[in-house]
Amino acid sequence: MAKPKVLATRPLFPAAQEILNAGCEAEYWTRPERISKEELFEKIKDKEGLVCLLTEKVNQELLSAAPKLRIAANVAVGFDNIDVAACTKRGVVATNTPGVLDETTADFAWTLMMAVGRRLIEADTLARSGNWKGWDLDQLVGTDVWGKTLGIVGFGRIGRAMARRALGFQMKVLYADAVRAPEAVEKELKAEYRGMASLLSEADFVSVHVPLLPETSGLFDAPRFLKMKPTAFLINTSRGPVVDEAALVHALESGKIAGAALDVFENEPFIHPGLKRPNVVLAPHIASASIETRTKMACMAAENVVAMFKGQRPMNMLNPEVLKAK
Ligand code: DGY
């Protein structure tokens, strides 16, 4: 029997290719530049499966160009690039990659927090510049991370992984979330539940771990920055549009907050020029980018596709009702 045709918009990693090739006739986009919308629409015409990245929009337009499509497997946990309702309507299964990137993402949020608090990028720049004149008492003094108050906004798997790290740094942990965590979790992580306003007014570092939803879009706006301490830092490894970038730039320029460390941006890959300041650490959306984790993410997406064509339920379905209906 002919294997189902699948398009992967990146070569993936060898381990993921092995999984995908075993169950499908896979075509990989291997050129260094991103696949254009036109090329994607041309290549998807005869495909039953798609392995895509968060930079590709799986929306009504793509679905119309993909009459045979049965599954769209996102290589990311966030799926704001996928119109799940439109997929469901068309009977296309949508999947993501939850769970495998939590610790790696929390590691990177921690890295950002340390980097901005301890001025690592400025220090690296000085060390390389040839202008360093030697040790000095008040040179590049930053702010302690240990012992401070960490405010975690979004207390899912990644938010909780942050709280676990905070235990080792003797930090006080506050969290805000639409849903309060079970008492046992709060106890284990020594995390206190707070409303947003109270969290923002107490935290020295605010780390954001919410998905991008209509309710979280623009969550960090001018009034919220006003609630933060002028000595506090914002860390964002979730999604750019959760932060109103113009309001953030204003808060930084006017000293309403002390700094920010950002891995995600409102209009990626564009970065607001006002964010290119010494008290802001910038990274190009790499929080999950360890070889171990990115390999796991790609393998998970490949497994989802292969399972689907074997007649099994993919592990990470965003719209399980599509298969229930059959
Ligand atoms: C995701 O998975 O949603 C990240 O943003 C990329 O790791």
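Residues numbered from 1 in each chain as written. Predicted model: local features only at pLDDT ≥ 70, side-chain atom pairs only at ≥ 80, totals over all residues. Heavy atoms only, no water.

Peer 1: Sorry if this is basic, but what is going on with the sheet that holds strand β1 (residues 5-8) here?
Peer 2: Strand pairs in the sheet, formed through backbone hydrogen bonds, run parallel or antiparallel to each other. As summarised here, the arrangement of the five strands in space is β2-β1-β3-β4-β5, forming an open sheet in which the pairing is parallel. Bordering the open sheet on either side are β2 (25-28) and β5 (93-95), each of which pairs with just one other strand. For this sheet, the mean angle separating the axes of adjacent strands, direction not counted, is 15 degrees. By the bridge criterion, four bridges tie strand β3 (residues 49-52) to strand β4 (residues 71-74) in an arrangement that is parallel. Counted as the bridge partner of L50 is A72 from β4. In the packing of helix α1 (residues 14-23) onto the sheet, the strands contacted are β1, β2 and β3, and the crossing angle to β2 comes to about 140 degrees. In the packing of helix α12 (residues 291-309) onto the sheet, the strands contacted are β1, β3, β4 and β5, and the crossing angle to β4 comes to about 160 degrees. (Pairing = 2+ DSSP bridges. Helix = DSSP H or I, 4+ residues; strand = E, 2+ residues; numbered from the N terminus. Axes fitted to C-alpha atoms, helices over the stretch in contact; angles between N-to-C directions. Contact = heavy atoms within 4.5 Å.)

Peer 1: Would you mind going over the domain arrangement of the chain with me for this structure?
Peer 2: Quoted interface sizes are often the accessible area lost when the parts come together. What the domain assignment lists for the chain is domain 1 (5-99 + 291-324) and domain 2 (102-282). Taking the mean C-alpha position of each, domain 1 and domain 2 sit 32 Å from one another. On the side of domain 2, five residues touch domain 1, which itself brings seven residues to the contact. Carbon and sulfur atoms make up 43% of the area that domain 1 and domain 2 hide from each other, which totals about 530 Å². The largest share of the area that domain 1 buries against domain 2 comes from D80, G99 and T293, three residues that together contribute 67% of it. Summed over the shared surface of domain 1 and domain 2, the number is one salt bridge. Between R239 and D80 there is a salt bridge; the shortest N-O distance is 2.9 Å. Our enumeration of links across domain 1 and domain 2 arrives at two residue pairs in polar contact (both at pLDDT 80 or more). Classifying every residue of the side of domain 1 that touches domain 2 gives three nonpolar, three polar and one charged. (Domains from an automatic or database assignment. Buried area = accessible area lost by both parts, 1.4 Å probe. Salt bridge = Lys/Arg side-chain N within 4 Å of Asp/Glu carboxyl O. Polar contact = N/O pair within 3.5 Å; in protein donor to acceptor, adjacent residues only side chain to side chain. Nonpolar A, V, L, I, M, F, W, Y, C, P; charged D, E, K, R; others polar.)

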